[in-house]
Amino acid sequence: MKLSILANHCHVFPEEVRPNGSVSRLLQLMDHCGITQAVTFAPFAYQLKGTSFEGNEWLEKQIRTEKERLIGFGTIDFSSTNIAAQVKRIADMGFYGIKLHPAAQGFHLLSEKAYEVYQEAEKLGLFLSFHTGIHWHRLQDYHVIHYDEIAYHFPKLKISLEHVGGYHFFLDAVAVIVNNSRVREGKRVSNIYAGLTSVFDKDKNRYWYLGRDKLLDLLWQVGPDQLIFGLDFPYNQDDDVFPAIQTIKSLGLTPEQEHKILGGNLSIALGLENGKRVKET
Ligand SMILES: [Zn+2]
C-alpha cells in the first residue's frame, strides 16, 4: 500500500511577500516529498502589514482550486475587538481550524480575547494549532502549562501543541496531553495532540529539537494516536522535510501507526472522511 501523507503546519504567503512560501512552491514540495494533502495557514496580520492583502481572504482564494490537496486554517487579528466574529467568518469560509502563535501575535493564552477564540472554535468545531516553545517573548503569556487550563474550560476543543513544547518545555507538553487523556473504548485518547513539527533537526531547529529518544518517549507516554506530523513550511523546505519523514519511518512503528502519525490522526481530528472534505464551502 502506498502511504498517503496529510501534513499539518504549512505557512503560505503571497509570492510578493515571501517567494519561497507561495502556494505553488508548497505544491512542488508536496509532489517532491510524496505528500498528498497539507494544512495551509493564512499569514498573520502582522506579516501582511503594508500590503493590501487580508490573510484569510487571500488564502481562501488561493486554495479554492486545490481543494483536493489543500486544507485551510485561518488566523485572528488580535489588534481588533471583533474576535468571535472573526472566528465565525473563518468557519464560514470553509476553513477547518485556526493557527495561533501567542508569542508572535502578542496575546496571553488565558486572556479574555483568547477565551473568545476558544469558546467560538469549540462551538464551531474548529481545530486550533498553537506554536509552543520559547519564542523570545515573556514566558508568562504562553507557558505550556496554560493549555491544561484551556482543556479544562473547553473540553471539546481539539488543539495541537506544535513542537510539543520545544526542547525546553517538552515534559510540560507531555504532562498536559496525558493529564487530559481519557480511556475511551479501551484506548487512551485526548483532544490535545502533539505536533511533530520542526523537531527533527538538531542544528537548524535547535530550540524545538526533540530527537529520537524524546520521540520514542512520546510514543511510550502519549501513544501513536495523539501525534500529528507537520512541515513548518516555508521555514523548512524539501531538504528538511525528507529527513523528517525518514525519522518517523525509522522509529520502528507498525504501518498502521505510521499512517496515523503521517496524517490519519489529523484527518480524524479535522473530520475528514478518506481524506475528503465532508464540509461543503
Ligand atoms: Zn508555525
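The residue numbering used here restarts from 1 in each chain and proceeds along that chain's sequence as written. pLDDT decides what is reported in this predicted model: residues at 70 or higher carry local features, side-chain atom pairs at 80 or more are listed and counted, and totals for whole chains, interfaces and linings draw on all residues regardless.

Undergrad: So what's going on with the environment of Gln-86? Residues and values would help.
TA: By definition, any uninterrupted DSSP run of H or I lasting at least four residues is a helix, any uninterrupted run of E lasting at least two residues is a strand, and each is numbered from the N terminus. Examined against the element boundaries, Gln-86 turns out to sit in helix α3 (residues 83-92). For Gln-86 and Ser-22, which are 64 residues apart along the polypeptide, the C-alpha to C-alpha distance reads 24 Å. In this structure Gln-86 touches Ile-76 and Asp-77, once residues within four positions along its chain are discounted. Residues are defined as contacting one another if the C-beta atoms placed from their backbone atoms lie within 7 Å.

Undergrad: I'd like to hear about the sheet that holds strand β4 (residues 97-100), residue by residue, with values.
TA: Read around the barrel, eight strands follow the order β1-β2-β3-β4-β5-β6-β9-β10 and close on themselves; strand pairing throughout is parallel. Pairwise comparison of adjacent strand axes, ignoring direction, gives a mean angle of 30° for this sheet. Being paired, for any two strands, means DSSP has found at least two bridges between them. Relative to strand β9 (residues 192-196), strand β6 (residues 159-162) runs parallel, the two being bridged by four bridges. Counted as the bridge partner of Leu-161 is Ala-194 from β9. To obtain an axis, a line is fitted to C-alpha atoms, over the contacting stretch when the element is a helix, and the angle between two such axes runs from 0 to 180 degrees between their N-to-C directions.

Undergrad: So, unusual backbone geometry: which residues are in play, and what are the values?
TA: Looking along the chain, the bond that leaves Phe-233 and enters Pro-234 is cis, with omega of 0°. Structurally, Pro-234 can be placed in the loop between β10 (227-233) and α9 (238-249). The phi dihedral of His-9 is positive, around 70°, even though this residue is not glycine. Relative to the helices and strands, His-9 is located in strand β1 (residues 5-11). Positive phi, normally seen in glycine, also occurs at Asp-232, with a value near 55°. Position of Asp-232 relative to the elements: it lies in strand β10.

Undergrad: Pulling in residues and values, what's your account of the pairing of strand β2 (residues 35-41)?
TA: Of all seven residues making up β2, six are buried, and the element is well covered by its neighbours. Of the strand pairs in this sheet, β1 and β2 are connected by five bridges, and their pairing is parallel. Looking at the pairing, Ile-5 lines up with Ile-35 of β2. Crossovers are marked right-handed if the path from the first strand over the helix to the second runs clockwise, as seen with the strands pointing away from the viewer. Tracing the backbone out of β1, into helix α1 (residues 23-33) and back to the parallel element β2 gives a crossover that is right-handed. Note that the unit made of β2, helix α2 (residues 55-63) and strand β3 (residues 70-74) has a crossover that is right-handed. Exposed residues have 12 or fewer other C-beta atoms within 10 Å of their own C-beta, buried residues have 20 or more, and partly exposed residues fall in between, where C-beta atoms are placed from the backbone.

Purely spatial values, then, with no claim about function.
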